[in-house]
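For reference, the chains in residue letters:
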Amino acid sequence: MAKKKKKSGFFADFKAFITRGNILDMAVGVIIGGAFGAIVTSLVNDILMPLIGMVANTQDITDLKYLITPAELAEDGVTVATPEVAIRYGAFIAAIINFLIIALTLFVIIRSAMMFQKKMEALKKKEEEEAPAPEAPAEPSMEEKTLTVLEEIKGLLANSNKEAK
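Just so it is clear, the model here is predicted, and its values are computed rather than measured.

Novice: What is the right way to read the pattern of salt bridges from this model?
Specialist: Note on pairing: side chains with opposite charge can pair once their charged atoms come close. Counted according to the given criterion, the structure contains two salt bridges. Glu84 serves as the salt-bridge partner of Lys65, at 2.6 Å between the closest nitrogen and oxygen. Here the residue Lys65 occupies a position in the loop between helix 2 (21-55) and strand 1 (66-69), and Glu84 occupies one in the loop between strand 3 (80-82) and strand 4 (85-87), the gap between them amounting to 19 residues. Judged by its relative accessible area of 37%, Lys65 falls in the partly exposed class. The shortest N-O distance in the salt bridge between Glu84 and Arg88 comes to 3.6 Å. Residue classification places Arg88 among the partly exposed residues on the basis of a relative accessible area of 43%. Sharing partners across several salt bridges, the network here consists of Lys65, Glu84 and Arg88.

Cut-offs used in this document
Residues numbered from 1 in each chain as written. Predicted model: local features only at pLDDT ≥ 70, side-chain atom pairs only at ≥ 80, totals over all residues. Heavy atoms only, no water. Salt bridge = Lys/Arg side-chain N within 4 Å of Asp/Glu carboxyl O. Helix = DSSP H or I, 4+ residues; strand = E, 2+ residues; numbered from the N terminus. Buried < 20%, exposed > 50% of the residue type's maximum accessible area, 1.4 Å probe, protein only.

Here is the structure:
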């Protein structure tokens, strides 16, 4: 009788996938990363950019731009008929600062984790080196060796006497 193959359907595979521990850890990491990104974005936009804006003599650095063609208004004077064309380098600078802060933070976290891991490995290695080596079984004494040899000779003599008879 042929064995039936157990079918693993899409939903069974998906359930196995999402219930693995590392997937849950990754999901938590993504959520925390999103929250951390919001904090860094607020730091850049609400604290650093106004300070940089003061140096650049503007209220908000993200407003800095190189105007290629200005916007044209419609005849009513309010509606924009043609939007302006500009290179918004202030927003680009803000994005670079945002990236650098996130990269620096990740670098510090990963570096700290690696240093901690190296210290733990060194501690484990030191403990292994300091641990007493298991004792080798004691070698038989000279008397025990002599008795063993004498027993072997006695056995050989007994065998040779039986053969001679």
